[in-house]
Structures are given as C-alpha cells and as structure tokens.
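These are the residues of each chain, in order.
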Amino acid sequence: MQPRDPISELHDTRLYQLLFTIDREYADRITRFVNGIAPILANTQRHFPYYTRHDAHHGFRVVRRIEQVLDPSCLELVAQDRLNPAELFLLIGAAYAHDLGMTIFPGETDELLGSLHLKQATGWEISPVLQTYLRREHSKRGGEYIRLNAEALGVPVNLVSALDTMMRSHNLAISELGFLDAVHAAIERPLDVRQLAAIVCTGDALEFSDTRVMDGVLDHLKIDPSDSARVSYRENMKHIGIGDSLAISDDGRVIVAGAFAEAEVLALAHRTLDQMEEWIQGYCDIDQRSRRRRLRISAEPFLRNLSFAGGRFERLGVRLNKRSVIDLIASNAVWKTNTGIAIRELVQNAVEACRYRAHHAAPADRYAPTVRVEFDRAQRTVRVIDNGCGMSERTVLNNFLTVGSSRSKEAGYVDAEYAPIARFGIGFWSVFVIAREARIETAEFEPYRGRPESAAHASGIAFEVSLGELKDYTVFKPIIRPCGTMVNLTLSDDTAIDEVYARALTMLHCPEIPVTLVLDGEESTIARAVPAVSDADILGNRSRIKDELGVQLFHWQGSIGESELSLGLAYRMVDGKATFLADPTSSLMTALGGIRSPSTSVCGFSVPVRPKALCLDLLRVGSFRANHSTPRGFEFGLDRQQLLQNKASQRFARDIAGLIHAGYRAFLDATNSRDPATIAALREQSEMHGGNVFDTFTGSELVDAAKHYPDLLCFRLFPVTPDSTLDQIKPVHINLTELRRLTGTIFTLQTRVDLRLQGARFISFDTESQQAVWTVCEAVRNWMNTGKVSSPAYVIEANRAASMLFDADPESSVEFFSQHPFGHLCVQAINLERLSFDAAAANVLGEVRGRWTGAIYLRTFTAPGKKPYVFLGRHRILIERSSRLAQHLGELHSSGKEMRLTDTLALLKEDEQGFTAESIKNLL
C-alpha cells in the first residue's frame, strides 16, 4: 500500500485530531510544519537509496506508535492528565522531524559540498563522505534548520528549543537521555521534555510497518555485490519479514510476529528486538521517574513468534550453563589466588559510581563523593558503601546481575569528557571467592539531581544474591536510603578477614575518590595522590644498614600529563660521588636483600606495568610508585589484573620510564654524579649479581635511549692502537650523544666458553672479567698490526650497552682468535658509522620461542670449521646470510612454521656441542 499525501495522513492521527479539537492555532501550525518539511524528508532517499523509509510517512507511522504506547487518558478530551496543545505539537513535530537533517536543505548544496571538499560530479549525492557527515550530524542539522526557519514552518518561538532537544534525543543513549534536564514551559505549564522525548523515542523504536521498505530498493540491492548492499538487504528484509506485525497488548506487552526465509535475516531481527527491549526498559524508567506516568507499555521482554521456513531455527547456537559460568568466574580459575581482589572490584565499582555521579551532578547538589569499606571481625562481614550514582531496577537486572554486561558498554555512558573504569560486567561475582552471600541496597541519583535534601532520603531497592542458590528471579524490596549503593558481604567460613583486609590495602593505591577502610572501628584512609616511596619500601626490615654502611636514601616525585610517579634510591657517597656498592666487590643489593617490588596502578587500582628500557637496573637499588589518573584507552585482562598491550598502556610505560629518568637526573645532580664515568659505573653497579643480561636481542632500546635519555646511557671504551701496551690503555667515558660523533670499530667478547676437564668438571672463560677486556685488547692490537683492523678501534666490556650497539649495526659481525686452552673465542665487531639511532634493527630474521628461544641475525662472517652459524650466548644466533641454512630458516619463518624453526635451532645447539642430527646435515 502506497503512502497517502503527508497532510492527509497527519489529519488521520488521533494526536492531531485531539489537537484540532482543543486548539485550532496549534493544529494549523503543525499542519504548516509537516507541509514544510515533507518535501525535504522526501529527498533523504537521494542520499541513502538503500535505507528504509525516513520520509514523512515514517513520521506518520511514529505518531501512530506513540498513540499505541500512551496511556489512554493522555488522549481523552476530558481527562485531567490529557496532553496539552504544546505537548501534542512537540510530540507530532519530533515524530516527523527527528530525521530531518539526513538530507541537504534547499539552497545549501554549494556551501555544504565546499566545506566537505566535494564536487558535484557523478555520484556525489551518495558520496561516502557526504553520507557519513549527514548521518553523524543529522540531529544537530535538523534542529538548526528549524531554528532558522521557525516562523515559516509555524513553530512557536517558545517551543523551538524544546523541539530541538526532542529531535536530538533519538540519537542519545538511555543514560544521556536520563540527564536531559533543560527547563521548558508553555501555555503557563511546565513541560517535561525528557519524558516527551522518551515517548517519541519509544514510538520510533517500535515503528515496524510494511511500508518501511522503499519501492525498487530490493531490485537494486540484488544486483549490487558490495558489503554495504548486503547489510542493507538484510535490514530491509527484516522489515518485510515483520511488516506491521508488531502490536501492543491490553496489558502493555509488545507482541511481534513474522516469517523469514533467510536465517541471517531472522537472526538480525532477533538482535534488533533485543536492542529494542533494552531501549524500552530505559524509556519506561524515565517515564516512571516523571511527575506522572504516561506510557502504558510494559518494560517486560517482548512476546515473539518469528518463524523460519528453511528448518528449525535455534537462536542460541552456543548455550551457556548459568551455574557453571558463574562458578567459573567466582572460582580459583580467575580470582582465588588473591582474596583482596574481591574488595578491589567492589571499591572500583564504587569509585566508578562516584566518578559518574560527580561528572553529571548539578552545582546545586554540592556533591562530595566518598567510599567506605567496613570490616567487622565479630560479624564476619565486609560492607562497601558509596554515595555514587546508585542503580535503578533496570540497571541491576541488565548490568549488575547480568554476567558480562557492563554499564560502561552502553553507547552513551562514555562521552568525549568521560571514560569509565568498569569494563566487563563480571567484577561483582568475584565476591563469592570470599563470601557466601551478598545483600545490596541502592538508590539511583538521577531523579534527585539538583535536590540534595531529597537525595538523602531517596526511594531505593534492596535485594540479595547467593552463590549457593542461584535463583531465576530477584525480589526487590523498597527502601528509603541516601543515593548510592551498599554491598554487604557475609564471609564464608574459610575466609580469613584479616588477610582480605591486608591484601585489599596492597591493591588500593591512590583512587581519585576518597576511600576509607575500617577494621573494627579503626580507620585507614587511602592516599589520593601517589605516595612517596618510603624507607621501608627500599630497606624493608634492614633499616640499621643506614648506620652500618652509611646508606642514604634519595626521594623524588614528578608527573607527565596524567601519569604521576614517586622514586626512591638507596646509595652511598664515596669520594664525593654516589655509588651503588656496599663494598668494593659487592653491590648494595646484597645488603638490601633482593629486588624490590614497584607499585603501578591505573586510577589508583593496582595493575602491573613494565616500563620501557631504563638507564639502570632500578629495582636492585630502589623502587618506584606510579599511577595513571584516567582509564581512557586502557584495555584490561578478564580479571582486571593485567593490562593488554595497546597505545594507552605503551604510553603509560613510556611515561614511567621518562619520569624515572627525570628523577634519576635529579639524583645525579644532588649527588654531584652527573659525569659519564660515574653514570657508567652506577649502571654497572646496579646490574651486578645477575642483572647484566647481554645475550638477548635489545630491539629498539638504543633508539629509545637516543630519543629520551642519551645523557644517561654512558659507555666505558678502551681505545686500542697498534703499539699500545695493556698498561697504556686507559678507558674513556662518553655518553650516547658523544658516542654518535665517533668513528671506527668497537669490539666486545660476550660469548662464554666452557672447557670440560674430567668428569663433570669445567673451567670457563669469564666474559665479564677484566681479563676478558685485556684479552680482546690484545687480539685487536694484533689484528691492527696485520692490517685486518684499521684505526680507530675500541674494546667495550660485555654488557647490555654493548649489545644495544651490536643490534643497531645492520652489518655487525664476528671475528675469532685462539686462546689456549679454550680454543677459538668469538668477538663481536660493531662499525660506529653504520649505527642506526632512529630505526628498528635490520637483518634480524625475528625473535622466536620454542625448544630454542631467541633472536636470529642474518650476517656475513667466516666461522672456524666453516659452520654457517654462531651462537652468541643463550638467546642469539648468527646465521651466514648466503648459506643454505639461512634460506631454509627464512622459508620456515615466512610460512609461519615457528615450531619447526625452533626445533631446527635447537638441533643447531646440539650440533655446536658435537651431536649432529641427520635431519640438519644437509643444511651445514
């Protein structure tokens, strides 16, 4: 059935007829309004030819749906709650005009296309750039057009703002719509624009009819192979399958019927109805909070009868057992390893509720957020109390008690100025690691916004959850309480309340909302900012070494953007310079007692973050605390104990490294130690006793150092000349900036050689000893005298700084010399002119993990015995790039066969030790 002319349809609606009866002027105005925008709406199809109908007939159908969802008294002439003329005008106007901005207005073409840098060439009307702009801006554009043409369109000046608000509302999420609080009035009566907007949105959501599909659209879609055409085809077929078979029963339930021939279309219909159910629940919530209710529609799930002609359609291809899923979430598998996580999750939810309320609170609320956690040993209970946003019944059912559904996933919950901490919708269930039941009391603050006195005595609900008895229903008991939420946990018999308290303290660092923990009446307030690293964080129980060894502690705090850090270092002063040595042969770590644990967090909640490469091995001689104050951009693991790698987490790691280096510079200045020799010595001292790991691929560490801390990466080089004796070779100390000006070659010996004696006895050539340096110096001098090496030449000790240089030279290689009784020793050679300080390492096949783990370098060299490979320690291997072995490994790597690749490398390691497998003989 083809739509009639827009004015005839308008005049057939009950809303218009009531308006005509009670106020002819408003009736004439709405007629003029519809008559004025109908031609504009008709042009929408020019720019969106595959869309369902968005013209004046769609507006007529929305008005019809509004009539069906309204309480009958709203349309009765003599009823006290009857809609007044202004309300009727706004409902009809918004129903027709909410999509007005989806097309180009009269006289706008040239200016709009110019602003979008488009030309009126063939196909400009359906340009993706134009379509994207019209979709994104249509609510704003429609309201602006009406404002500029209000008089011509018959819109009363005093209703322009209200109409604009209602038109925009259909693009708002429920949470955003709930915060519409602009004050409007007309005909000497207040206008509840938020409720009127919810009514229009309800009618728009339910607008299914057999006229939604435009004539000829399906024929065009059938011959268009594009992905967008397939999506549009399913959308149109969804409307055809249901047609006008959506109705409202006498008790307000939505009933939907339909027939489908394609499973994908039927699945799409179900997903659409799921979304509609959520919207209707939200609109009903808004209506229920209004001064008087006007919607008769029920927020209960729709009654569906959608048939499928191609077989038996089972909606859930994968079924989940509710009991098993919740048992898994609240089991050892996720949270049991740390009983404090349950409290962390509740406090995190409470802080989020306070952040959300603070973001949306009116100045009149005088809102002061607070979170309180009360531990009661005698009652064996823990209560987490907040005065945050609270929850409605809909939020409880749709989010709090729905596993995997977080309010933060609602489109309107996140906006340009607000980012939530919450993520997955499973955190609450962690409480059953420590508790047998939970009682929740809550009252939402939205209805009391701007009324702090009423918010202190709000209408709320109470309910209980027990893991022992998962019910298919929830009983909500009405209560009066302050806006916010209280979760009361009754602990299980095997839960140690003191352990829960202690562990919770370690996970709450510096949340932005005031958090107080109370244990049997004794209060402990969590710091709001990153606390300083304490003496105990570094010394533990060994405070007496301060006097015994003359240990001093350096403290520093700083921030970069939204990242804040405090730093602490233990050191001694010797000859006017700082040192990390306890005595001439051992580092302070031996006196301090091991590696310290840093404290890192996002929004004050503990989560491990590993900073980018540092200029020293900090945690052997000190510690740090760091916090990022906003959750924006971060992605968490399921249990929120890990950050997933993305731009936000990488930026935070860079911030931490930058702040540590800033604090370290302050330390060097304070101790008169900012010279290259002392900086190099401090790095070496911090890496003693196992920290000097140099036989791994360093990746972009030298690039990072050149960019962020060239003054703090210092090198000790031993210059070698053809006629220098060992006693004449004196080290020079330079930082990275100075090293970049050098030319020549640097040599280093990093491959340990073990010689078997008798039985299980070995002797080793220690690459980290002073003897190794002198041995390499002697070898380099001999090479210079034979013309194999030219001047200038340097030797560097076996350390990670040397490895960074080796990785930054794309043609770095190796040389060999004989050393009795160890045989051939492998020396790495680095050409200073070839070093790259702004790009990733080249000629590295990749890092692999498996039977052998490490990095594969493609290089040119000649090894003793003509082997096409050389292992440089445990986790590096050089492959002669022209060899058959290199070709084979490259093929395995490019085809993704990492297991075979690492197996081959493990066999090469066996070959190095004299055990050659048949499978690799042809590669050698």
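A short tour of the structure in this document, coming up. Note that the structure is predicted; figures quoted are calculated from it, not measured.

## Section: the overall build of the protein
Of regular secondary structure, the protein possesses 31 helices and 33 strands. Evaluated residue by residue, the protein yields a buried proportion of 54% over its 924 residues. The contacts of the protein with a sequence gap of at least 6 include a subset with a gap of at least 24, amounting to 70%. Looking at charge distribution, the protein has the averaged site of its 104 positive side-chain charges lying 2 Å from that of its 115 negative ones.

## Some points on the sheet that holds strand β4 (residues 254-260)
The sheet built from 3 strands is open, its strands ordered β3-β4-β5 with mixed pairing. Of all strands in the sheet, those with a lone pairing partner are β3 (246-248) and β5 (303-308), marking the two edges. In this sheet, adjacent strand axes meet at a mean angle of 10° when their direction is disregarded. Inspection of the sheet shows β3 paired to β4 by 3 bridges, in the antiparallel sense. In the strand pairing of β4, Ala 247 is matched with Ile 255. Of the strands in this sheet, β3, β4 and β5 are in contact with helix α15 (residues 263-289), which crosses β5 at around 170°.

## So, helix α25 (residues 676-686)
A large share of α25 lies buried, amounting to 8 of its 11 residues. The set of residues buried in α25 consists of Thr 678, Ile 679, Ala 680, Ala 681, Leu 682, Arg 683, Gln 685 and Ser 686.

## A word on the packing of helix α8 (residues 128-148) against helix α10 (residues 160-169)
Taken N-terminus to C-terminus, the directions of α8 and α10 make an angle of 160°; their axes are 9 Å apart at the nearest point. Between α8 and α10, the crossing angle belongs to the class labelled roughly antiparallel. Where α8 crosses over α10, the handedness of that crossing is right-handed. Between α8 and α10, the residues in contact are Ser 139, Lys 140, Gly 142, Gly 143, Ile 146 and Arg 147 and Val 160, Leu 163, Asp 164, Met 167 and Arg 168, respectively. Looking at the contact of α8 with α10 residue by residue, the classes come out as 4 nonpolar, 3 polar and 4 charged.

## Describing the environment of Thr 671
Summarising the element assignment, Thr 671 is placed in the loop between α24 (647-670) and α25. Take Thr 671: its relative accessible area is 4%, and that puts it in the buried class. The sequence separation of Thr 671 and Phe 554 amounts to 117 residues, and the corresponding C-alpha distance is 9.5 Å. At 2.8 Å, the side chain of Thr 671 forms a polar contact with the backbone oxygen of Phe 667.

## Describing unusual backbone geometry
A cis amide bond, omega 0°, links Ser 791 with the succeeding residue Pro 792. On the secondary structure map, Pro 792 appears in the loop between α28 (770-785) and β27 (793-796). At Asp 520, a residue that is not glycine, the phi angle is positive and equals roughly 50°.

## Describing the sheet that holds strand β7 (residues 381-386)
Ordered by their spatial adjacency, 8 strands build an open sheet running β10-β9-β8-β11-β7-β6-β12-β13, and the pairing between neighbours is mixed. At either end of the open sheet lies a strand with only one pairing partner, and these are β10 (477-481) and β13 (522-525). Shown here is a sheet whose adjacent strand axes are inclined to one another by a mean of 20°, direction ignored.

## Observations concerning the pattern of salt bridges
All told, the structure shown has 53 salt bridges when counted by the stated rule. Here Glu 25 makes a salt bridge to Arg 29, at a shortest N to O gap of 3.3 Å. Note that Glu 25 and Arg 29 are positioned in helix α3 (residues 24-42) at a spacing of 4 residues, about one turn of the helix. One network of salt bridges, in which partners are shared, links Arg 372, Glu 374, Arg 383 and Glu 523.

## A look at helix α6 (residues 85-97)
Its 13 residues give α6 an end-to-end C-alpha distance of 18 Å, which sits within 8% of 18 Å, the value for a rise of 1.5 Å per residue. In terms of burial, α6 is a largely internal element, 13 of the 13 residues being buried.

## A closer look at the side chain of Asn 646
By the element assignment, Asn 646 lies in the loop between β21 (622-628) and α24. Classification of Asn 646 as buried rests on a relative accessible area of 14%. From its side chain, Asn 646 meets the backbone oxygen of Gly 633 in a polar contact 2.7 Å long. Discounting chain neighbours no more than four positions away, the residues touching Asn 646 are Gly 633, Phe 634 and Glu 635.

## Looking at the packing of aromatic side chains
Here the structure, examined in full by the defined rule, presents 18 aromatic pairs. Taken together, a centroid distance of 5.5 Å and an interplanar angle of 80° make the contact between Phe 463 and Phe 476 edge-to-face. Of this pair, Phe 463 sits in strand β9 (residues 458-466) while Phe 476 sits in the loop between β9 and β10; the two residues are 13 residues apart in sequence, bridging distant segments of the chain. Residue classification places Phe 463 among the buried residues on the basis of a relative accessible area of 2%. Taken together, Phe 554, Tyr 571, Phe 580, Tyr 664 and Phe 667 form an aromatic cluster joined through their ring pairs. Sitting over the face of the ring of Phe 837, Arg 740 holds its NZ or CZ atom 4.2 Å from the ring centroid. Over the aromatic face of Phe 871 sits the side chain of Lys 909, whose NZ or CZ is 4.5 Å from the ring centroid.

## Points about the environment of Leu 246
With respect to the secondary-structure elements, Leu 246 resides in strand β3. Residue classification places Leu 246 among the buried positions, given a relative accessible area of 3%. Spatially, the C-alpha atom of Leu 246 lies 9.9 Å from that of Phe 302, the residues being 56 residues apart in sequence. Aside from chain neighbours lying at most four places away, what touches Leu 246 is Arg 65, Leu 206, Phe 208, Val 254, Ile 255, Val 256 and Met 276.

## Considering the nonpolar core
Membership of the largest hydrophobic core comes to 116 residues, with the highest contact counts inside it found for Ile 343, Phe 375, Phe 428, Tyr 664, Phe 667 and Leu 739. In terms of residue count, α24 provides more of this core than any other element does, 10 residues in total. Among all residues touching Ile 343, those that are not within four sequence positions of it are Val 373, Phe 375, Val 382, Ile 434, Leu 489, Val 500 and Ala 504. If you look at the next biggest cluster of nonpolar residues, it comprises 83 residues, including Phe 33, Ala 197, Met 276 and Ile 297.

## A word on the environment of Pro 821
Structurally, the position occupied by Pro 821 is in the loop between β28 (813-819) and β29 (823-831). Expressed as a C-alpha distance, the spacing of Pro 821 and Tyr 869, which sit 48 residues apart in the sequence, is 22 Å.

## Things to note about a positive patch on the surface
A surface patch of positive charge is lined by Lys 612, Arg 651, Arg 654 and Lys 707. Assignment of secondary structure puts Lys 707 in helix α26 (residues 701-708).

## Details of the packing of helix α12 (residues 193-205) against α15
Packed helices, taken two at a time, are described by the angle between their axes plus the distance between the axes. With their axes 9 Å apart at the nearest point, α12 and α15 run at an angle of 160° to one another. The angle between α12 and α15 falls in the class roughly antiparallel. The handedness of the crossing between α12 and α15 is left-handed. Together, Arg 194, Gln 195, Ala 198, Cys 201, Thr 202 and Ala 205 of α12 and Met 276, Trp 279, Ile 280, Tyr 283, Ile 286 and Asp 287 of α15 make up the contact between the two elements. Considered class by class, the residues forming the contact of α12 with α15 number 8 nonpolar, 2 polar and 2 charged.

The rules behind the values
Residues numbered from 1 in each chain as written. Predicted model: local features only at pLDDT ≥ 70, side-chain atom pairs only at ≥ 80, totals over all residues. Heavy atoms only, no water. Helix = DSSP H or I, 4+ residues; strand = E, 2+ residues; numbered from the N terminus. Buried < 20%, exposed > 50% of the residue type's maximum accessible area, 1.4 Å probe, protein only. Contact = heavy atoms within 4.5 Å. Lys, Arg positive; Asp, Glu negative; His and termini not counted. Charge placed at Lys NZ, Arg CZ, Asp CG, Glu CD. Pairing = 2+ DSSP bridges. Axes fitted to C-alpha atoms, helices over the stretch in contact; angles between N-to-C directions. Parallel < 35°, antiparallel > 145°, perpendicular 65-115°, else oblique. Left-handed = near helix turned anticlockwise from the far one by under 90°. Nonpolar A, V, L, I, M, F, W, Y, C, P; charged D, E, K, R; others polar. Polar contact = N/O pair within 3.5 Å; in protein donor to acceptor, adjacent residues only side chain to side chain. Salt bridge = Lys/Arg side-chain N within 4 Å of Asp/Glu carboxyl O. Expected span 1.5 Å × (residues − 1). Phe/Tyr/Trp six-rings, centres within 6.5 Å; stacked < 30°, edge-to-face > 60°. Lys NZ or Arg CZ within 6 Å of the ring centre and 35° of its normal. Core = buried A, V, L, I, M, F, W, Y, C linked by side-chain atoms within 4.5 Å. Patch = residues over 30% accessible without salt bridge, like charges linked within 9 Å, V, L, I, M, F, W, Y side chains within 5 Å. Areas by Shrake-Rupley, 256 points an atom, 1.4 Å probe, with all protein chains shown as cover.

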